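A structural walkthrough
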Amino acid sequence: MTRWLVTGATGMLGRDVVAALRAAGEGARTTALGRDGLDITDAARVREAVAGHDVVVNTAAWTDVDGAEADEEAAAAVNGTGVRHLAAACARHGARLLHVSTDYVFPGAGTTPWAEDAAPAPENAYGRTKLAGERAVRELLPAHGYTVRTAWLYGAHGANFVATVLRLASEREVLEVVDDQTGQPTWTGALAPRLVALGRSAAAGSAPPGVYHGTASGSATWYELARHAFRRAGLDPARVRPVGSDRYPRPAPRPSWSVLGHEGWARAGMAPLAPWPTMLERAFAEGVFADRARDSGGLPRP
């Protein structure tokens, strides 16, 4: 019987991980802690929380990319040192750690998907702090550490790009959206069950430790994603217009190429995640954005 600990459990991905564990029949053996319940920068509290668990799924993170650029030390305390505390506690108590990381550990330019073993070279503070966390997992848990890089997350439980463009559709006739950044839009509702499956395989000793890429298959620009979201919400995609990144300068540089390869899943006997349009369709079909779409003047009310 596997005992689970989910950190960052009140966040967008964390809430879906907890839901996926319940759906898998693991709810009674799951401890779900948000930041109020566990600050991962507190080493003593982390050791106490990890004790008695077999698998730790870490979704706790500093996710403010521009904020990290302004205060890298504060971001590193969570994304680097906090993850080191978790890895050390897992090593002490014999637990497996599934740590969620980011595509931002890679440089911004590319033409082919980044492999799991490609050399990281982050170009912003957020990426550097997340890479520090990855290195802590690899160093302290060589046999029991799993890093799952993901990107461009959207879901039901927090601020995200899809929700934002649907909200803006009710406020603006035309939306200008960046068309020179390419990535993999990924639904937390699809990623969460994959993390549970990987955790089960890790606990059983059948999934090799190391890096996995937890993003949807295929690729899109933000502009393409916005048009798909508009179309699925019953809105006119012609209202979305493409612009360059220079139209919206940000403190932290964003990668123009953020596409990850998925060869690593074969090591665990799993297929890659679904293509991003399929994933987005499922999210809409399950009502993830129903209220936002109606508020934007899209889907009719029942």
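Overview of the structure. (Residues numbered from 1 in each chain as written. Predicted model: local features only at pLDDT ≥ 70, side-chain atom pairs only at ≥ 80, totals over all residues. Heavy atoms only, no water.)

1. Considerations on the side chain of Thr-147
- Examined against the element boundaries, Thr-147 turns out to sit in strand S5 (residues 145–150).
- By relative accessible area, which is 4% here, Thr-147 ends up buried.
- Each residue touching Thr-147, except ones within four places of it in the same chain, is listed here: His-99, Ser-101, Glu-134, Val-137, Gly-210, Val-211 and Tyr-212. (Helix = DSSP H or I, 4+ residues; strand = E, 2+ residues; numbered from the N terminus. Buried < 20%, exposed > 50% of the residue type's maximum accessible area, 1.4 Å probe, protein only. Contact = heavy atoms within 4.5 Å.)

2. A closer look at the sheet that holds strand S4 (residues 96–102)
- Taken in spatial order, the 6 strands line up as S2-S1-S3-S4-S5-S10 in an open sheet, and their pairing is parallel. Only two strands of the sheet have a single partner each, and these edge strands are strand S2 (30–33) and strand S10 (210–213). Taken over all neighbouring pairs, the strand axes of this sheet differ in orientation by 20° on average, direction set aside.
- Inspection of the sheet shows S5 paired to S10 by 4 bridges, in the parallel sense. Directly across from Val-148, in S10, lies its bridge partner Tyr-212.
- This element, helix H1 (residues 12–23), spans strand S1 (4–7), S2, strand S3 (55–58) and S4 of the sheet and lies at about 160° to S1. (Pairing = 2+ DSSP bridges. Axes fitted to C-alpha atoms, helices over the stretch in contact; angles between N-to-C directions.)

3. Some thoughts on the packing of helix H2 (residues 43–50) against helix H4 (residues 72–93)
- One can describe the packing of H2 onto H4 by two numbers: an axis separation of 9 Å at closest approach and a directional angle of 40°. Between H2 and H4, the angle falls in the class oblique. The interaxial crossing formed by H2 with H4 has right-handed handedness. Between H2, through Ala-43, Val-46, Arg-47 and Val-50, and H4, the contact on the second element is made entirely by His-85, Leu-86, Ala-89, Cys-90, Arg-92 and His-93. (Parallel < 35°, antiparallel > 145°, perpendicular 65-115°, else oblique. Left-handed = near helix turned anticlockwise from the far one by under 90°.)

4. So, the environment of Glu-116
- As for its placement among the helices and strands, Glu-116 is situated in the loop between S4 and helix H5 (125–140).
- Between the C-alpha atom of Glu-116 and that of Arg-149, which follows or precedes it by 33 residues, the distance is 8.8 Å.
- Apart from the residues within four sequence positions on either side, Glu-116 is in contact with Arg-149, Val-211, Tyr-212, His-213, Gly-261, His-262, Glu-263 and Gly-264.
- A distance of 2.8 Å separates a polar side-chain atom of Glu-116 from the backbone nitrogen of Gly-264. (Polar contact = N/O pair within 3.5 Å; in protein donor to acceptor, adjacent residues only side chain to side chain.)

5. Considering the side chain of Lys-130
- Locating Lys-130 in the fold gives a position in helix H5.
- Buried and without a salt bridge, Lys-130 has Glu-134 as its closest oppositely charged side chain, separated by 7.6 Å.
- At a separation of 3.0 Å, a polar atom in the side chain of Lys-130 contacts the main-chain carbonyl oxygen of Val-100.
- In contact with Lys-130, not counting residues within four places along its chain, are Ala-61, Asn-79, His-99, Val-100, Ser-101, Thr-102 and Val-105. (Lys, Arg positive; Asp, Glu negative; His and termini not counted. Salt bridge = Lys/Arg side-chain N within 4 Å of Asp/Glu carboxyl O.)

6. Some thoughts on the nonpolar core
- Core analysis: the largest hydrophobic core is formed by 58 residues, its most contacted members being Val-162, Leu-198 and Phe-289.
- At 7 residues, the largest contribution of residues to this core is made by helix H7 (residues 188–204).
- In contact with Leu-198, other than residues within four places in its own chain, are Leu-98, Tyr-146, Val-148, Ala-207, Tyr-212, Trp-265, Ala-268 and Met-270.
- Counting 19 residues, the second largest nonpolar core, distinct from the first, contains Leu-33, Leu-38, Ala-49 and Ala-87. (Core = buried A, V, L, I, M, F, W, Y, C linked by side-chain atoms within 4.5 Å.)

7. Notes on the pairing of S4
- For S4, the buried fraction is high: 7 of the 7 residues fall into the buried class.
- Here S4 shows a buried face lined by Arg-96, Leu-98, Val-100 and Thr-102 and a second buried face lined by Leu-97, His-99 and Ser-101.
- The pairing of S3 with S4 spans 4 bridges and is classified as parallel. Bridged to Val-55 within S4 is Arg-96.
- Relative to S5, S4 is paired through 6 bridges, and the arrangement is parallel. By the bridge assignment, Thr-102 is partnered in S5 with Thr-150.
- Handedness of the crossover is the feature at issue here: the chain leaves S4, passes through H5, returns alongside S5, and the resulting connection is right-handed. (Right-handed = clockwise from strand over helix to strand, strands pointing away.)

8. Topic: the pattern of salt bridges
- Applying the stated criterion to the full structure yields 15 salt bridges.
- Here Glu-26 and Arg-200 are joined by a salt bridge, their closest N and O atoms 3.2 Å apart. With Glu-26 in the loop between H1 and S2 and Arg-200 in helix H7, the pair connects residues that are 174 residues apart, well separated along the chain.
- Linking Glu-281 and Arg-232 is a salt bridge whose minimum nitrogen-to-oxygen distance equals 2.8 Å. Placement of Glu-281 in helix H9 (residues 276–285) and of Arg-232 in helix H8 (residues 222–232) is noted, with a sequence separation of 49 residues between them.
- One network of salt bridges, in which partners are shared, links Glu-26, Arg-29 and Arg-200.

9. Things to note about the environment of Arg-3
- Topologically, Arg-3 is positioned in the segment before S1.
- Aside from chain neighbours lying at most four places away, what touches Arg-3 is Arg-29, Gly-52, His-53, Asp-54 and Val-55.
- A polar contact of 3.1 Å, which involves the side chain of Arg-3, links it to the backbone oxygen of Gly-52.

Purely geometric stuff here, so don't read any function into it on its own.
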